[in-house]
Amino acid sequence: MHDLMTAARRFPETVSADPQRWARLSAPQEPEVLLVTCSDSRVVPAAVLDAGPGRVFELRNAGAVVPPHVPGRAGAEQATLEYAVRVLGIRDVVVMGHSGCGAVGALVGRDVPAVEVPEVGAWLAPLPVPRDDDTPERESGAPPLAVAVQEHVLHQVAALATHPVVDEGVRVHAWFLDLTRGRVLRHDPAAGAGHEGFVAL
Ligand SMILES: [Zn+2]
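Computed from a predicted model, the values in this text were never measured in an experiment.

Cut-offs and rules
Residues numbered from 1 in each chain as written. Predicted model: local features only at pLDDT ≥ 70, side-chain atom pairs only at ≥ 80, totals over all residues. Heavy atoms only, no water. Helix = DSSP H or I, 4+ residues; strand = E, 2+ residues; numbered from the N terminus. Rg over C-alpha atoms; globule rule 2.2 N^0.38 Å. Buried < 20%, exposed > 50% of the residue type's maximum accessible area, 1.4 Å probe, protein only. Contact = heavy atoms within 4.5 Å. Areas by Shrake-Rupley, 256 points an atom, 1.4 Å probe, with all protein chains shown as cover. Lys, Arg positive; Asp, Glu negative; His and termini not counted. Charge placed at Lys NZ, Arg CZ, Asp CG, Glu CD. Donors = N, O, S within 2.8 Å, 3.2 Å for Na, K, Ca; no water. Patch = residues over 30% accessible without salt bridge, like charges linked within 9 Å, V, L, I, M, F, W, Y side chains within 5 Å. Salt bridge = Lys/Arg side-chain N within 4 Å of Asp/Glu carboxyl O. Pairing = 2+ DSSP bridges. Axes fitted to C-alpha atoms, helices over the stretch in contact; angles between N-to-C directions.

Caption draft 1: Structural detail: the overall build of the protein. Across its full length, the protein carries nine helices and six strands. In summary, the protein has a C-alpha radius of gyration of 18 Å against a globular reference of 17 Å for 201 residues, a match within 12%. With respect to the three principal axes, the spread of C-alpha positions in the protein is 50 × 40 × 40 Å. A burial count over the protein gives 39% of its 201 residues as buried. Within the protein, counting contacts between residues at least 6 apart in sequence, those at least 24 apart form 62% of the total. As displayed, the protein offers around 11200 Å² of accessible surface, 56% of which is attributable to carbon and sulfur atoms. Mean positive and mean negative side-chain charge positions of the protein (17 and 25 charges, respectively) differ by 4 Å.

Laid out in structure tokens, this is it:
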């Protein structure tokens, strides 16, 4: 924490050292995309997308979850999506899961926390359990939980489609961030259904 506080104190100097990169900090935001992704600290959208301030509107939670639409429900996901589309005019929504996701690991019963986490359980309980690959990753060489996360992302895309604002000209994209190789895959329905349709970006 100490190092992070030091960096925060130095932030004004960071900004003044590269004014061009940070110019959009104080301008009205005009983000190009809503990125729905996991809270995992290893997922750093600004780095993956090489995007500075103002370009990516983010919705993050445990597991990159999009609950199905319920009219009038007070929920961060629903409100953020509506704001992104109607107020900011965003027309591209990306759901990006990542390899080794703890939430998905818990969903498929492979990464169950050793302590009591009833709130996490309640958050994950309504979600469809994604298909999993029972071949150990150390044998297949695949990134951890790749199949389960990719299937999970497609479930969230399906849930997104229940939100009325998505019918307002929004394109939805399913991505998978492989943290072990630092690469991003996208789902191409023409390449295959489910996880088999994930191809290089
Ligand atoms: Zn995660």
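What follows picks up the thread again.
Caption draft 2: Expanded view of the coordination of the zinc ion. At the metal site, the zinc ion is ligated by C38 (SG), H98 (NE2) and C101 (SG), and these contacts range over 2.1 to 2.3 Å. Along the chain, the residues donating to the zinc ion are arranged with the sequence spacing C-x59-H-x2-C. The same class applies to H98 as to C101, namely buried.

Caption draft 3: Expanded view of a nonpolar patch on the surface. Taken together, the side chains of M1, L4 and M5 define a hydrophobic patch exposed on the protein surface, amounting to about 370 Å² of accessible area. Mapped onto the fold, L4 is located in helix α1 (residues 2-9).

Caption draft 4: Layout of the sheet that holds strand β2 (residues 56-61). Reading across from one edge, β2-β1-β3-β4-β5-β6 is the order of the six strands in this open sheet, with mixed pairing throughout. Lying at the two open borders of the sheet, with one neighbouring strand each, are β2 and β6 (198-200). Mean inter-strand twist for the sheet, computed between neighbouring axes without regard to direction, equals 30°. The sheet contact formed by strand β1 (residues 33-38) and strand β3 (residues 92-98) spans four bridges and is parallel. Its bridge partner being in β3, T37 is matched across the sheet by M96. Packing against the sheet, helix α5 (residues 76-87) makes contact with β1, β2 and β3, and its axis sits at approximately 170° to β2. Sheet strands touched by helix α9 (residues 146-160): β3, β4 (171-178), β5 (183-187) and β6. Its angle to β4, the strand with the most contacts, is close to 160°.

Keep in mind these numbers describe shape, not what the thing actually does.
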